Each structure stands twice: as C-alpha cells, then as structure tokens.
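Each chain, letter by letter, is given below.
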Amino acid sequence: MSQSLRIALIRGDGIGVDVSEATCAIVDAALAKVGAAPLRYESIDAGAGYFRETGRDIEAGGEVRAGEMDAIFLGAIGLPAVRHADGTEISPHLRLRDRYGLYAGVRPVRAYPNAPQRLADPRAAGIDMVILRESTEGLFYSAAVHGRADVRGDEEVRDTLRITRATTEKLHHFGFKLAERRRARGRPGRLTCVDKANVFTSMAFFRKIFDEIAPLYPQVETGYNYVDAQALDLVRKPWEYDVMVMENMFGDILSDLAGGLVGGMGMASCAEIGDETGLFQPAHGSAPDIMGQDKANPLAAILSGALMLDYLADKAGRANLGEAAMLIEDAVEAGFAANALRPMEFGGDMGTRAVVRELLDRLG
C-alpha cells in the first residue's frame, strides 16, 4: 500500500465542522473500497470563531503548513456577528488562494434525479456543466483581506480589477484541458468565454488571450457570451452550456445562480487548483444557526472530497484515487435516483448523519 497523502483539514466555522467530518468518513470508505492508503488529516485552526478567541484568523504557521501538504480541505468559514472593523468578514481562505496561486476555481453544476429543479423545462434535468472561475485576480485582487484597496478618507474607495497574462494563460489552458477531458467522458467538450469585452479593456484582454490559446485545442468547440447575457442564458437555456471560463467576481455570482438551478448551495462543490496544490471546499456558507443539529446537507462537501481525490490521483499518479472519486460520485447519483437521499435542505427527512449512512451503505 502506498504512503498516505497529507491533507490540511480546516474545519472552520458553523456547519463546516459537521460537513468536514462527513466528508472524511465518505472519503475514507471510498479509499478502503479500492484498496488505497487512507489519507492523513492534519488539522489547522482557522475561521471567525478562532478570530473571536485569539485575534488571529488562522493559527500561527497555519498558512505555511497548509501549503506543505498534498491538498487542503476546508469546511466553511465565517460567522455573521464576527467581522473586521471595516465590516468585512473573516477570510483567511482568500489569502490561501492568493499565497498559493489557486487560479482555477472549478464549480461543477449538475442536476440529480429527485433533487429540486427550479426550472419547469424538462431539459433542466440534463444540466451538467462547470463554471471555471479565476480565483486569484479579477476584482477579488482588491479583496479586503489583501489590503489593496485605495481608501481615500471617508469619501471614496477604489478597488482594482486585475487581469494578468501569466495567470489568464494558465486559466484558459486549464479550461481547454477540462473541456477535452469532459469530451472524452461523453460531454460536449465546449468552452465558452464569459466576459464583458464590449465595455472593459481588461475583459477584452481576457478574451484576446482566450483567442490566442484556442488554436492549440482544435477539438474543443468555443463560444463567447457577455456576463449579463450569460446570466440570462443560465435561466433560459442552461442545458446548452458545458464549461464556462470567466473572471473572479463574475464566477462568484454566476456559480451561485447556477447552484440554485439544481437544488441549492448544499450541492455546490468547489475545487481551487494551482500549480503546486489545491484547496477543496463546499461553496456554501457556515450556517451557524444549524451547527451540530444534524440538519446540514453534507453533499456539497462530500462531492468536493471527490474532486480532491480526482486531483490527488493526477498529482500523485495513483489511478485508484480517481476510482475512489468515481465511487463517491456514482453513490450520490444512485442515491438520488433511488430517492434514498432526501436532505432536509430539500424538505426531506434526512439529516447529516442519515445521508452519510446511506452513502456508506452504498460504498460498502
């Protein structure tokens, strides 16, 4: 059996604790099923609760330790009543993105049978797409945690939207390769560049780099959409899209909109991948009002755990980790198809522990 890979485990705040434990249980079971070495989880304290107790948003040396491991898993961060003096939330994970260049924010959006569908059109049952959000630049370059805003007294604040060639080239290459990979798995393999190139020079630059890279991937069909039109199309005809690549803030907004089409944020998994490491987390918030009450839907976190295994399979060259990831994804699909997964978030009768038990039975 191969040596165990090391995972920085940041449970964070609220239901981040609940869904992290659920994810570890499912990941461990899937690895055991394929005969892979268990992961070695190393806890790092961080979040709004930790900030309230210590005045720090992450434990001393935590950022460095996280980057030394094979991947990072984050439950959720934030508490509504705990904020910095300027009103912004506690966000050490944004600093981790920046520090380790986690430029590729992968947000899968998939409809499952018997899960809520917000669109009446029957084609909505076939939604299966990915929003690829650049996660280190764009308007988030000026996120408060980085201290880059131009604050001019109490009269004006200017935030900078930054697009660089180096990061954007890597993002677009990632997008084309992702489209190729999905095409090999039976999806359309189409990549849409989402921008606002008709108004902003930065966005025209973003599209220019997309056009420079596209000829290197002749098998990938390409398309374009302005972000406002894309928002409309995600409601009007989301089944026509496969992979969409976009700037940071655009992706932050559209990924939530898309998540709402397939049930809600309890199904919103997320991977943030750089050249050296990756961070995996559910895209939902910390929901402290239901923490520890066995009410949280753990599926977004569990599916993020599958994304982590898929990433580690490539990084470590261990195909069985990819097999474990597929077992988790198939168990979720089969559970919904059999109406055996009924999270409370969707008005069902299953809390966190019941969802985990059902998946463990299917992995057994």
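Whatever comes next refers back to the structure up there.
In this text the structure is predicted, and so the values were computed from the model without any measurement.

1. Some details on the side chain of Thr-277
So, step 1. Position of Thr-277 among the secondary structure elements: in the loop between strand E11 (271-273) and strand E12 (278-280).
So, step 2. Judged by its relative accessible area of 1%, Thr-277 falls in the buried class.
So, step 3. In this structure Thr-277 touches Met-69, Asp-70, Ala-71, Tyr-100, Leu-102, Glu-272, Tyr-311 and Lys-315, once residues within four positions along its chain are discounted.

2. Points about the packing of aromatic side chains
So, step 1. Going through the model one piece at a time under the given rule, you end up with five aromatic pairs.
So, step 2. A ring pair is formed by Phe-210 and Tyr-224, whose centres lie 5.7 Å apart and whose planes are at 70°; its orientation type is edge-to-face. Separated by 14 residues along the polypeptide, Phe-210 in helix H6 (residues 201-213) and Tyr-224 in strand E9 (residues 221-226) bring together distant segments of the chain.
So, step 3. Since its relative accessible area comes to 0%, Phe-210 is described here as buried.
So, step 4. Residue classification places Tyr-224 among the partly exposed positions, given a relative accessible area of 39%.

3. Observations regarding the packing of helix H1 (residues 16-33) against helix H9 (residues 299-316)
So, step 1. The geometry of H1 relative to H9 is characterised by a closest axis approach of 8 Å and an angle of 45° between their N-to-C directions. As far as their axial angle goes, H9 and H1 are oblique. For the pair H1 and H9, the crossing hand works out as right-handed. Counting all contacts with H1, which are made through Val-19, Ala-22, Thr-23, Ile-26, Val-27 and Leu-31, the residues of H9 involved are Ala-301, Ile-302, Gly-305 and Leu-309.
So, step 2. The class makeup of the residues in the contact of H1 with H9 is eight nonpolar, two polar and no charged.

4. Observations regarding empty space enclosed by the protein
So, step 1. In total, this model carries three cavities of 30 Å³ or more according to the counting rule given.
So, step 2. Reported here for the largest cavity is a volume of approximately 60 Å³.
So, step 3. What lines the largest cavity is simply Arg-107, Pro-108, Val-109, Arg-110, Ser-255, Gly-259, Val-262, Gly-264, Met-267, Ala-268, Ser-269 and Ala-283.
So, step 4. Of all the secondary structure elements, the ones that give two or more residues to the lining of the largest cavity are strand E4 (104-110) and helix H8 (248-261).
So, step 5. Of all the elements, E4 adds the most residues to the lining of the largest cavity, at four residues.
So, step 6. Of the residues that constitute the lining of the largest cavity, the class distribution is six nonpolar, four polar and two charged.
So, step 7. Taken as a whole, the second largest cavity holds about 50 Å³ of empty space.
So, step 8. Around the second largest cavity, the lining residues are Leu-94, Arg-97, Asp-98, Ser-135, Thr-136, Phe-140, His-146 and Asn-248.
So, step 9. Per-element accounting of the lining of the second largest cavity gives the leading share, three residues, to helix H4 (residues 92-99).
So, step 10. Here the residues of the lining of the second largest cavity sort into two nonpolar, four polar and two charged.

5. A few points about the sheet that holds E12
One key point about sheets: their strands pair by backbone hydrogen bonds, in either a parallel or an antiparallel sense.
So, step 1. Taken in spatial order, the ten strands make up an open sheet running E2-E1-E3-E12-E11-E4-E5-E10-E8-E9, and their pairing is mixed. A single partner strand is all that each edge strand has here, and the edge strands are strand E2 (40-43) and E9. Sheet twist, expressed as the average angle between the axes of neighbouring strands with direction ignored, equals 25°.
So, step 2. Against the sheet, H1 contacts strand E1 (6-12), E2 and strand E3 (71-76), and its axis sits at roughly 150° relative to E1.

Here is what the cut-offs are and how they apply
- Residues numbered from 1 in each chain as written.
- Predicted model: local features only at pLDDT ≥ 70, side-chain atom pairs only at ≥ 80, totals over all residues.
- Heavy atoms only, no water.
- Helix = DSSP H or I, 4+ residues; strand = E, 2+ residues; numbered from the N terminus.
- Buried < 20%, exposed > 50% of the residue type's maximum accessible area, 1.4 Å probe, protein only.
- Contact = heavy atoms within 4.5 Å.
- Phe/Tyr/Trp six-rings, centres within 6.5 Å; stacked < 30°, edge-to-face > 60°.
- Axes fitted to C-alpha atoms, helices over the stretch in contact; angles between N-to-C directions.
- Parallel < 35°, antiparallel > 145°, perpendicular 65-115°, else oblique.
- Left-handed = near helix turned anticlockwise from the far one by under 90°.
- Nonpolar A, V, L, I, M, F, W, Y, C, P; charged D, E, K, R; others polar.
- 1 Å grid on protein atoms, 1.4 Å probe; cavity = no way out; pocket = protein on both sides within 12 Å on 5 of 7 lines; lining within 4 Å.
- Points joined across faces, edges and corners; volume = space filled by probe spheres on them.
- Pairing = 2+ DSSP bridges.

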